[in-house]
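Each chain, letter by letter, is given below.
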Amino acid sequence: DEIFSHRSDFGSREREGGMSQTPVLFYIDDEPHNLVVFEAACPDDWKVHVYESPIVALEKLDQLRPNVIISDQRMPGMTGVQFLEVAKKILPDAVRIIVTGYSDEDLVVESVRKAQIFDYIKKPWEVDDLLASLTRALDFQRAESEARRLQVELVLRESELRETNGLLMNAMRD
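Residues numbered from 1 in each chain as written. Predicted model: local features only at pLDDT ≥ 70, side-chain atom pairs only at ≥ 80, totals over all residues. Heavy atoms only, no water.

## With respect to helix H1 (residues 32-41)
- Those residues of H1 that sit buried are Asn34, Leu35, Phe38, Glu39 and Ala41. Each buried residue of H1 lies within a common arc of 160° when the element is viewed along its axis, so the set occupies one face. Exposed residues pointing more than 90 degrees away from the buried face of H1 are listed as His33, Val36 and Ala40. (Buried < 20%, exposed > 50% of the residue type's maximum accessible area, 1.4 Å probe, protein only. Helix = DSSP H or I, 4+ residues; strand = E, 2+ residues; numbered from the N terminus. Arc of directions from axis to C-beta.)

Take a look at the structure:
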């Protein structure tokens with residue numbers, strides 16, 4: 001089960017159109033102490049879900065739709081890369097970050113290739129470095145989301161312009 005869920009709506013960033021969006025983060029680590037430290041490091045206006053079990057976290061992904069998914073690499077039953085690979089299939093727009101206490105260049109390459117991770121965090125982390133990485137991930141996710149929204153708007157406007165142009169062309173022929 002989910003170990004701890006923290007939520008505060010105070011200070012949530014305002015989005016265009018007046019809608020506020022509280023960032024949602026998942027952190028998966030089989031070491032309970034790391035979960036507590038991670039949650040304590042995050043700002044109060046982020047909704048943080050921490051899990052000891054990658055399987056339970058996967059079951060909650062679609063329902064809670066996190067902006068950022070952070071996973072420890074070494075866990076029993078499933079590695080962080082394996083978890084993030086599956087998470088990418090369930091929620092492709094979430095930003096993925098791998099955490100490990102081991103220096104392993106091959107792990108970084110595999111993570112980028114298989115799970116398309118955004119960042120790599122080495123344990124033990126410095127809180128300022130952790131927050132900087134998470135903030136960059138949230139900013140990237142927001143920018144990507146806005147780009148997708150603008151792309152959809154552009155396609156709709158282009159369709160409207162083609163329709164209007166067709167009407168004008170027909171009116172000129174008549």
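## Remarks on the side chain of Gln73
- For Gln73, the location among the structural elements is in the loop between strand S6 (68-72) and helix H3 (80-90).
- In this structure Gln73 comes out as buried when scored by relative accessible area, which is 10%.
- A polar contact of 3.0 Å, which involves the side chain of Gln73, links it to the backbone nitrogen of Val81. (Polar contact = N/O pair within 3.5 Å; in protein donor to acceptor, adjacent residues only side chain to side chain.)

## Some words on the confidence of the model for the protein chain
- Model confidence for the protein chain is summarised by a mean pLDDT of 86, while 87% of its residues fall at 70 or above.
- Every residue in residues 4-20 is under pLDDT 50, and counting partners more than four places away or in other chains gives 38 contacts. (pLDDT = per-residue confidence, 0-100. Contact = heavy atoms within 4.5 Å.)

## So, the packing of aromatic side chains
- Inspection of the entire model under this criterion finds five aromatic pairs.
- Residues Tyr27 and Trp125 carry aromatic rings whose centres are separated by 6.0 Å and whose planes lie at 75° to one another, so their mutual orientation is edge-to-face. Separated by 98 residues along the polypeptide, Tyr27 in strand S4 (residues 24-28) and Trp125 in the loop between strand S8 (119-122) and helix H5 (127-173) bring together distant segments of the chain.
- Ring centres of Phe38 and Trp125 lie 6.2 Å apart, and the angle between their planes is 80°; on these two criteria the pair is classed as edge-to-face. Of this pair, Phe38 sits in helix H1 while Trp125 sits in the loop between S8 and H5, and the two are 87 residues apart along the sequence.
- Aromatic rings pair up to connect Tyr27, Phe38 and Trp125 into one cluster. (Phe/Tyr/Trp six-rings, centres within 6.5 Å; stacked < 30°, edge-to-face > 60°.)

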